[in-house]
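# A structural walkthrough
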Amino acid sequence: MKPIKVGLLGIGTVGSGTFNVLKRNQEEITRRAGRSIEIAMVADLNIERARELTNGEVEVVNDANLVVNNPDIDIVIELIGGYGIAKDLVLKAIANGKHVVTANKALLATHGNEIFKAAQEKGVMVAFEAAVAGGIPIIKALREGLTANRIQWIAGIINGTTNFILSEMRDKGLDFNTVLKQAQALGYAEADPTFDIEGVDAAHKATIMASIAYGIPMQFDKAYVEGITKLEASDIRYAEDLGYRIKLLGITKRTPEGIELRVHPTLIPEKRLIANVEGAMNAVLVQGDAVGATLYYGKGAGAEPTASAVIADLVDITRLATADPEHRVPHLAFQPAAISDLPILPMSEIVTSYYLRMHVEDKPGVLADVTRILADLSISIDAMLQKEPGEGETRTDIIILTHQTKEKNIIAAIEKIEALATVTGSVIKLRLEELS
Ligand code: HSE
């Protein structure tokens, strides 16, 4: 059978990884796909570097339109990133009847509904394994391996940069800004790491997982996004004293009222496997009603781990290219006509446990006042830690862990606690998930 021809848009780290792995494992991949897969054309603004990376073996152009408009190209791999030009090119490729593979989580989380609708109408595939957790085949697992299950919740460490920063903060007792500089020097964090440290990258990935887990449209605009920039080293220490680790989790849960979709620093019991995922590694924990909990672990970024996911999509498309569109795996796991309109819940309605840290006067009655406020709002206390005041100090930190309650209750409690004359400054609030 004639080779399937691929056009690559953008040959940076992942693009060159894809080129190299495809070449190195060509024979095995052809035996699996049933046809050879050949990168026939590359578009990149840096033509010289693109020629070097492809050893002069591939036609290189600097105008991506030449790739998406080329009738000989069967599949377009979009590795440009962002939602500007990448969106135009993906839509053009679809309009020209080409299948698309993309690692672009930002594009899918924000414009996925439009892109998948266009692909559906045109009968082409848009595959995106590399968009979530890099080399971990989590899209395949959610969409196909767990297809028997009613997914109940997903909690993932889906941003390697922030997991590296949190691991270093805990291991070495350093503050956020010091570790961020180290992460940038080591090449983990981008020169502009905003999307990573503010939780946006993780929220893009959580949005995509929620969509295929529950059969709902992509709704990044309704996700709650909180990064790690305000996290203090003392909270990481206190959490540890109480038997917890703090991780930036992407969480989505099905509840009777709707879907929770949120990214924030989260305390997790240190005995959970996922709490021990360190450095730049990723892990995703999925709870299905039939299978129970399953955990997926691996590299969430990097040239060859991400190429592994891109090529898996190329092979899937190669195998299915001749199948009728209605016999293929649906883009978003559920049949397009069966997409549900379950609402994404506002943050005030989510239910979780909390870590509260307050700076208080060390005198009789202070703790009683705080616990009365919590009791009046039906918030139950799970654990408490009071530090000895420092030498000559009359104030100290109290840390309280609560049982589950609605976020609106905890906000009301914090307002009242902050109004107490014996409490100084703001109450630090972190969310806690038992993940049991
Ligand atoms: N910037 C991402 C991370 C990798 O740090 O995990 C690509 O999704």
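Residues numbered from 1 in each chain as written. Predicted model: local features only at pLDDT ≥ 70, side-chain atom pairs only at ≥ 80, totals over all residues. Heavy atoms only, no water.

## Observations regarding the overall build of the protein
Applied cut-off: Numbering of helices and strands starts at the N terminus; helices are DSSP runs of H or I of at least 4 residues and strands are runs of E of at least 2. We compute the radius of gyration from the C-alpha atoms alone; for a globule the expected value is 2.2 Å times N to the 0.38, where N is the number of residues. Burial classification: accessible surface area is computed with a 1.4 Å probe over protein chains only, and a residue below 20% of its type maximum counts as buried, one above 50% as exposed, and the rest as partly exposed. Note on contacts: a residue pair qualifies if any of its non-hydrogen atoms lie within 4.5 Å across the two residues.
Of regular secondary structure, the protein possesses 15 helices and 17 strands. Expected size for 436 residues packed as a compact globule is a radius of gyration near 22 Å; at 24 Å, the protein falls within 12% of this value. Oriented by its inertia axes, the alpha-carbon framework of the protein measures out at about 80 × 45 × 35 Å. Evaluated residue by residue, the protein yields a buried proportion of 54% over its 436 residues. When contacts within the protein are restricted to residue pairs at least 6 apart in sequence, those whose partners lie at least 24 apart make up 74%.

## Concerning unusual backbone geometry
A positive phi is found at Asn55, a non-glycine position, where the angle reads about 55°. Here Asn55 lies in the loop between helix H3 (47–53) and strand S3 (59–61). The phi dihedral of Ser378 is positive, around 60°, even though this residue is not glycine. By secondary structure assignment, the location of Ser378 is in the loop between helix H14 (366–376) and strand S14 (381–386).

## Concerning the site of the ligand
Operational definition: For this description, a residue counts as near a given molecule or strand if any of its non-hydrogen atoms is within 4 Å of it. Under this definition, polar contacts are N or O atom pairs within 3.5 Å; protein pairs additionally need one hydrogen-donor-capable and one acceptor-capable atom, and for neighbouring residues in sequence, both atoms have to be side-chain atoms. Accessible surface is estimated by sampling points in the Shrake-Rupley manner with a 1.4 Å probe; for residues, cover comes only from the protein chains shown. Each residue receives one of three labels: charged for Asp, Glu, Lys and Arg, nonpolar for Ala, Val, Leu, Ile, Met, Phe, Trp, Tyr, Cys and Pro, and polar for the others, Gly being one of them.
With respect to spatial proximity, the complete set of residues near the ligand consists of Lys105, Asn159, Gly160, Thr161, Asp196, Asp201, Lys205 and Ala301. Note that an oxygen atom of the ligand is positioned 2.6 Å from one of the side-chain N or O atoms of Lys105. Measuring from a nitrogen atom of the ligand, one finds a side-chain N or O atom of Asp196 at 2.9 Å. When the free accessible area of the ligand is taken as 260 Å², the share hidden by the protein chains comes to 80%. Mapped onto the shell around the ligand, the elements with two or more residues apiece are helix H8 (160–172) and helix H11 (200–214). Taken together, the residues of the shell around the ligand sort by class into one nonpolar, three polar and four charged.

## Some remarks on the pattern of salt bridges
Rules: Here a salt bridge means any side-chain nitrogen of Lys or Arg lying within 4 Å of a carboxyl oxygen belonging to Asp or Glu.
Per the stated rule, a full pass over the model turns up 35 salt bridges. Residues Glu144 and Arg143 are paired through a salt bridge, measuring 4.0 Å at the closest nitrogen-oxygen approach. On the basis of relative accessibility, which here comes to 26%, the residue Glu144 falls in the partly exposed class. Owing to a relative accessible area of 10%, Arg143 belongs among the buried residues under this scheme. Put simply, Arg262 and Glu260 hold a salt bridge, and the shortest N to O gap is 2.8 Å. Arg262 sits in the buried class, given a relative accessible area of 1%.

## Notes on the sheet that holds strand S6 (residues 126–127)
Which entries qualify depends on this criterion: Between any two strands, pairing holds if DSSP finds at least two bridges.
With respect to topology, six strands assemble into an open sheet ordered S3-S2-S1-S4-S5-S6, the strand pairing being parallel. Each end of this open sheet is capped by a strand with a single partner; those strands are S3 and S6. Of the strand pairs in this sheet, strand S5 (residues 99–102) and S6 are connected by two bridges, and their pairing is parallel. When the sheet's bridge partners are listed, Val100 is paired in S6 with Val126.

## Points about the packing of aromatic side chains
How we decide: Pairs were defined over the aromatic rings of Phe, Tyr and Trp, the Trp ring being its six-membered one, requiring ring centres within 6.5 Å. Orientation was assigned from the angle between planes: stacked under 30 degrees, edge-to-face over 60, tilted for the rest. Charges are assigned to positions over rings by a cutoff of 6 Å between ring centre and Lys NZ or Arg CZ, combined with an angular limit of 35 degrees from the ring normal.
One pass over the structure, following the stated rule, counts one aromatic pair. Between the NZ or CZ atom of Arg143 and the centre of the ring of Phe128, over which it lies, the distance is 5.5 Å.

## Let's talk about helix H12 (residues 233–241)
Among the residues making up H12, those that are buried are Ala233, Ser234, Asp235, Ile236, Tyr238 and Ala239. Following H12 by one or two positions, Gly243 has its phi on the positive side, about 90°.

## Topic: the domain arrangement of the protein
In plain terms, the rule: Boundary definitions for the domains trace back to an automatic or database domain assignment. In this description, buried area is defined as the sum, over both parts, of the accessible area (probe of 1.4 Å) that is lost when the two are combined.
Assigned domains of the protein: these are domain 1 (4–135 + 303–338), domain 2 (138–299) and domain 3 (351–432). Each of domain 1 and domain 2 has a C-alpha centre, and these two points are 26 Å apart. Between domain 1 and domain 2, the contact holds 25 residues from the first and 24 residues from the second. With both chains or domains summed, domain 1 and domain 2 bury close to 2,000 Å², and 64% of this area falls on carbon and sulfur atoms. The interface formed by domain 1 and domain 2 includes two salt bridges.

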